[in-house]
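For reference, the chains in residue letters:
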Amino acid sequence: MTWQPEIDDILRRRALAEACGGEAAVAKHHAAGKLTVRERIDRLLDAIVRDAAALSNTTFLFVGDGPAAARIEATKAAHPDVDLRHTGWSDQPDLYLAAADVLLMPSRWEGLPLVMLEAMTVPLPLLASTIDVFAAYLPPANLVDFETASLAEAIARVMAWR
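These notes cover the structure that comes with them. (Residues numbered from 1 in each chain as written. Predicted model: local features only at pLDDT ≥ 70, side-chain atom pairs only at ≥ 80, totals over all residues. Heavy atoms only, no water.)

### Digging into the overall build of the protein chain
For the protein chain, the count of helices and strands is eight helices and four strands. Put simply, the protein chain has 162 residues, and 36% of those count as buried. Counting contacts in the protein chain only where the partners sit at least 6 residues apart, residues at least 24 apart contribute 56% of the total. Accessible surface, the protein chain as shown: approximately 9,400 Å² in total, 58% of it carbon and sulfur. (Helix = DSSP H or I, 4+ residues; strand = E, 2+ residues; numbered from the N terminus. Buried < 20%, exposed > 50% of the residue type's maximum accessible area, 1.4 Å probe, protein only. Contact = heavy atoms within 4.5 Å. Areas by Shrake-Rupley, 256 points an atom, 1.4 Å probe, with all protein chains shown as cover.)

### Considering the packing of helix 3 (residues 41–50) against helix 4 (residues 68–78)
Two numbers describe how helix 3 lies on helix 4: the axes approach to 10 Å, and their chain directions differ by 10 degrees. Taken together, helix 3 and helix 4 sit at an angle that is classed as roughly parallel. Residues Ile41, Asp42, Leu45, Asp46 and Val49 of helix 3 form the contact with helix 4, whose own contacting residues are Ala68, Arg71, Ile72 and Thr75. Classifying every residue of the contact of helix 3 with helix 4 by side-chain character gives five nonpolar, one polar and three charged. (Axes fitted to C-alpha atoms, helices over the stretch in contact; angles between N-to-C directions. Parallel < 35°, antiparallel > 145°, perpendicular 65-115°, else oblique. Nonpolar A, V, L, I, M, F, W, Y, C, P; charged D, E, K, R; others polar.)

### Side note on the nonpolar core
Of all hydrophobic cores here, the largest spans 23 residues; its most connected members are Ile48, Phe60, Phe62, Leu127, Leu151 and Ile155. Counting 13 residues, the second largest nonpolar core, distinct from the first, contains Met116, Leu124, Ala128 and Phe134. (Core = buried A, V, L, I, M, F, W, Y, C linked by side-chain atoms within 4.5 Å.)

### Considering the environment of Arg43
Within the secondary structure, Arg43 is located in helix 3. Given a relative accessible area of 13%, Arg43 falls into the buried group. Separated by 102 residues in sequence, Arg43 and Asp145 place their C-alpha atoms 9.3 Å apart. For Arg43, the residues in contact, after removing those within four places along its chain, are Pro106, Ser107, Arg108, Ser129, Phe146 and Glu147. One polar contact links the side chain of Arg43 to the main-chain carbonyl oxygen of Ser107, over a distance of 3.1 Å. (Polar contact = N/O pair within 3.5 Å; in protein donor to acceptor, adjacent residues only side chain to side chain.)

### Some details on the environment of Phe62
Take Phe62: it is sitting in strand 1 (residues 59–63). Counting along the chain gives 24 residues from Phe62 to His86, while the straight-line C-alpha distance between them is 4.7 Å. Beyond its immediate stretch of four places on either side in the chain, Phe62 contacts Ile41, Leu44, Leu45, Ile48, Ile72, Leu84, Arg85, His86, Thr87 and Gly88.

### Quick notes on a nonpolar patch on the surface
Together, Leu112, Leu114, Leu117, Met120 and Tyr137 make up a nonpolar patch on the protein surface, roughly 460 Å² of accessible area in all. Among the elements that make up the nonpolar patch, the one with the highest residue count is helix 6 (residues 114–121) (three residues). Position of Tyr137 among the secondary structure elements: in helix 7 (residues 132–137). Under the relative-accessibility criterion, Tyr137 is labelled partly exposed at 44%. (Patch = residues over 30% accessible without salt bridge, like charges linked within 9 Å, V, L, I, M, F, W, Y side chains within 5 Å. Salt bridge = Lys/Arg side-chain N within 4 Å of Asp/Glu carboxyl O.)

### Things to note about unusual backbone geometry
Residue Pro123 is bonded to the preceding Val122 through a cis peptide linkage, with omega at -15 degrees. Tracing the backbone shows Pro123 in the loop between helix 6 and strand 4 (126–128).

### Some points on the pairing of strand 1
Covered by surrounding structure in strand 1 are Phe60 and Phe62 only, the residues Thr59, Leu61 and Val63 on the alternate face being uncovered. Of the strand pairs in this sheet, strand 1 and strand 2 (residues 83–88) are connected by five bridges, and their pairing is parallel. Bridge pairing in strand 2 links Phe60 to Leu84. Taken together, strand 1, helix 4 and strand 2 constitute a β-α-β crossover, and its handedness is right-handed. (Pairing = 2+ DSSP bridges. Right-handed = clockwise from strand over helix to strand, strands pointing away.)

### Some thoughts on the pattern of salt bridges
Inspection of the entire model under this criterion finds four salt bridges. Here Arg12 ties to Asp9 by a salt bridge, and the two come within 2.9 Å at their closest N and O atoms. Within this pair, Arg12 and its partner Asp9 are both found in helix 1 (residues 4–18), separated by three residues, close to a single helical turn. Glu147 is the partner of Arg43 in a salt bridge, and the nearest nitrogen-oxygen pair spans 3.7 Å. Of the two residues, Arg43 is situated in helix 3 and Glu147 in the loop between helix 7 and helix 8 (151–159); the sequence distance between them amounts to 104 residues.

Don't take any of this as a statement about function, it's just geometry.
Listed below in structure tokens is the structure:
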């Protein structure tokens, strides 16, 4: 008896999970205003918690629904000193962009993100991960490694020009 079919099935499922179900599933999630692992909300939440003392006067608003919503709520409950808010899905995300001070994009990968272009038209300072698409469109001051950098310092840096 061999376990190879089961191992192959596990590997196939893992690849699907890492691809967030494939491009069609991701597009469907994004069209519905949902968050996916692709946005790497976990990295952003870790950065917020890591730098919580320096971010005590900062409000973080998450707009959208999806698998990351539970992690947002759990972090909010575990760290009441951090002002985390989650609105869920909205058919008017432009209103949130207009009211924001900075847009944080901790993505692991992206095509050409529409929200980045929308933020640029507001104009809204953008702090994004160091992936290729952001490096191609944003100045180095707007790029940050969300896993290691001080989020408070990075936000202050991009807000300085506003």
